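Spelled out from the first residue to the last, the chains are:
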Amino acid sequence: MSDTATSEHPEHSEPEAAEHHDEHHGEGHAHPSDWAYVKIAVVLAAITALEVFTYFESVVDWGVALVPSLIFMMVVKFYLVATWFMHLRFDSKLFGRMFTAGLVLAAGVYLVTLTVFEFWV
């Protein structure tokens, strides 16, 4: 028995271990750099600042457009957080569809609730 194969790279000494290792780390994707995460965080901060400005210091009378614009910014932020920071961009499409379905359901319920309470009138 040769001891060199197991002592140099113990994680690759058995075929099952090598297959398991490649399944999770080798072939899927390359992770983005730290700088990409910083850029996304800056974009999120800018959108948040725009939301706060839109709500509190708006010089334009938004009327009924205020809520849809805030909902749109919320959806954009949700998308960025879910795809980058929760790594859905790199996972199975099923997970992305589940989060998208939840977001659509939540926004739909919110809009129906606003309609029931006659917010739009």
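That block above? That's the structure.
Okay, so let's go over this structure. These numbers come from a predicted model, not from an experiment.

**Looking at the overall build of the chain**
Regarding its fold elements, the chain presents 5 helices and 0 strands. Starting at the N terminus and walking to the C terminus, you meet the elements of the chain as α-α-α-α-α. Within the chain, buried positions represent 19% of all 121 residues. In the structure as shown, the chain presents an accessible area of about 9,500 Å², 68% of it carried by carbon and sulfur atoms.

**Comments concerning the packing of helix H4 (residues 66-85) against helix H5 (residues 93-116)**
For the pair H4 and H5, interaxial distance at closest approach is 12 Å and the crossing angle is 165°. It follows from the interaxial angle that H4 and H5 lie roughly antiparallel. Two packed elements cross with a definite hand, and for H4 against H5 that hand is right-handed. Listed contacts from H5 to Val67, Ile71, Met74, Val75 and Phe78 of H4 are Phe99, Leu103, Tyr110, Leu111 and Leu114. When grouped by side-chain class, the residues that make up the contact of H4 with H5 number 10 nonpolar, no polar and no charged.

**What to know about the pattern of salt bridges**
Counting across every chain of the model gives 1 salt bridge. Between glutamate 51 and lysine 77 there is a salt bridge, with the nearest N and O atoms lying 2.8 Å from each other. Separated by 26 residues along the polypeptide, glutamate 51 in helix H3 (residues 34-56) and lysine 77 in helix H4 bring together distant segments of the chain. An identical accessibility class is assigned to glutamate 51 and lysine 77; each is buried.

**Brief notes about H4**
Here H4 contains 20 residues, and its C-alpha end-to-end distance of 28 Å stays within 8% of the 28 Å for a straight helix at 1.5 Å per residue. Buried residues of H4: Leu66, Val67, Ser69, Ile71, Met73, Lys77, Leu80, Ala82, Thr83 and Trp84, and no others. Packed against the buried residues of H4 are H3 and H5. One or two residues past the end of H4 sits histidine 87, with phi positive at roughly 60°.

Calculation rules
- Residues numbered from 1 in each chain as written.
- Predicted model: local features only at pLDDT ≥ 70, side-chain atom pairs only at ≥ 80, totals over all residues.
- Heavy atoms only, no water.
- Helix = DSSP H or I, 4+ residues; strand = E, 2+ residues; numbered from the N terminus.
- Buried < 20%, exposed > 50% of the residue type's maximum accessible area, 1.4 Å probe, protein only.
- Areas by Shrake-Rupley, 256 points an atom, 1.4 Å probe, with all protein chains shown as cover.
- Axes fitted to C-alpha atoms, helices over the stretch in contact; angles between N-to-C directions.
- Parallel < 35°, antiparallel > 145°, perpendicular 65-115°, else oblique.
- Left-handed = near helix turned anticlockwise from the far one by under 90°.
- Contact = heavy atoms within 4.5 Å.
- Nonpolar A, V, L, I, M, F, W, Y, C, P; charged D, E, K, R; others polar.
- Salt bridge = Lys/Arg side-chain N within 4 Å of Asp/Glu carboxyl O.
- Expected span 1.5 Å × (residues − 1).

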